[in-house]
Amino acid sequence: MTTKEFIYAQSLSKKPVKGMLTGPVTILNWSFPRKDITRQAQAYQLALALRDEVADLEKAGCRVIQVDEPALREGLPLKKERWASYLDWAVDAFKLATVVAAPATQIVTHLCYSEFADILAAIDGLDADVLTIENSRSGDEMVIALAKYGYARDLGAGVYDVHSPVVPTVEFMKGKVVGQVGTGILKGHPERLWVNPDCGLKTREWAQVLPSLENMVKASAEARAALGV
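Below: a short report on this structure. (Residues numbered from 1 in each chain as written. Predicted model: local features only at pLDDT ≥ 70, side-chain atom pairs only at ≥ 80, totals over all residues. Heavy atoms only, no water.)

### A few points about the nonpolar core
Moving on, step 1. The biggest cluster of nonpolar side chains holds 46 residues, and the ones touching the most others in it are Ile123, Ile133 and Leu146.
Moving on, step 2. Here this core takes 9 residues from helix α4 (residues 83–98), the largest share from any one element.
Moving on, step 3. With 9 residues, the next largest nonpolar core counts Val162, Met173, Met216 and Ala223 among its residues. (Core = buried A, V, L, I, M, F, W, Y, C linked by side-chain atoms within 4.5 Å. Buried < 20%, exposed > 50% of the residue type's maximum accessible area, 1.4 Å probe, protein only. Helix = DSSP H or I, 4+ residues; strand = E, 2+ residues; numbered from the N terminus.)

Listed below in structure tokens is the structure:
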């Protein structure tokens, strides 16, 4: 589905280009699932299709593959006693899609704004190498929750709101990075924090995107210098 686009994008740069896929649970939760078979079975079937795509991206030379699951929490059953069963197969579906990747291939996932604090064990169970989250408007709420939980994998918490046309300043984003480190996340290993926007940039114009990303790169460098990383 995406190898043609990946190959072209990679041909334009010597830097690694990330493959991008929507995860099986999010596809399921944002679709109109069949009623004659279980949601679990459908999630696994979607995962098997995505598994083939992960393998194809690898064969095409992709070494960083992002499989987004922003709808992980919104699929929770209304009755809390059913949560554990749902989360078990939701996590298994994600891993079914991604476990085909070689150890050297980095698996990334992304979560949008939601009340994730009560499903942190499931998020950890996804076993993604990097977790990216929307964060810039939440006062580091999710970062704080992950720090308290003891989350130990790489984390990219958004430093600016992509849904706003405002171009964030270097100082603003530098403050966001330093503030994330101050939560105690990753237990004194700030080099494992990724500096990235909240989410994708498709709602923005180039006149907003380019200066925002330029400022973000500068903010990252200044934050590294300030933190001694």
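Following the structure, the description resumes.
### Some thoughts on empty space enclosed by the protein
Moving on, step 1. By the definition in use, this model includes 1 cavity of 30 Å³ or more.
Moving on, step 2. Reported here for the largest cavity is a volume of approximately 40 Å³.
Moving on, step 3. Lining the largest cavity, in full, are Tyr160, Ser164, Val166, Leu201, Arg204, Gln208, Val209 and Ser212.
Moving on, step 4. Among the residues making up the lining of the largest cavity, the classes are represented as 4 nonpolar, 3 polar and 1 charged. (1 Å grid on protein atoms, 1.4 Å probe; cavity = no way out; pocket = protein on both sides within 12 Å on 5 of 7 lines; lining within 4 Å. Points joined across faces, edges and corners; volume = space filled by probe spheres on them. Nonpolar A, V, L, I, M, F, W, Y, C, P; charged D, E, K, R; others polar.)

### Some remarks on the layout of surface pockets
Moving on, step 1. Of the pockets and cavities examined, the largest pocket occupies roughly 1,400 Å³.
Moving on, step 2. Taken together, 43 residues line the largest pocket, and the ones lying closest to its centre are Lys18, Trp194, Val195, Asn196 and Pro197.
Moving on, step 3. For the lining of the largest pocket, the secondary-structure elements that each account for two or more residues are β1 (19–22), β2 (64–68), β3 (106–111), β4 (130–133), α7 (170–182), β6 (193–194) and α8 (206–227).
Moving on, step 4. If you tally residues by element for the lining of the largest pocket, the top one is α8, at 7 residues.
Moving on, step 5. Split into classes, the residues belonging to the lining of the largest pocket amount to 25 nonpolar, 10 polar and 8 charged.

### Describing α7
Moving on, step 1. Here α7 contains 13 residues, and its C-alpha end-to-end distance of 18 Å stays within 8% of the 18 Å for a straight helix at 1.5 Å per residue.
Moving on, step 2. Taken as a whole, α7 has its buried residues at Val170, Met173, Lys174, Lys176, Val177 and Gln180. Looking straight down α7, one finds its buried side chains confined to an arc of 155 degrees; they lie on one side. For α7, exposure combined with an orientation more than 90 degrees from the buried face picks out Glu171 and Gly182.
Moving on, step 3. Along its buried surface, α7 packs onto α6 (141–149), β5 (154–157), β6 and α8. (Expected span 1.5 Å × (residues − 1). Arc of directions from axis to C-beta. Contact = heavy atoms within 4.5 Å.)

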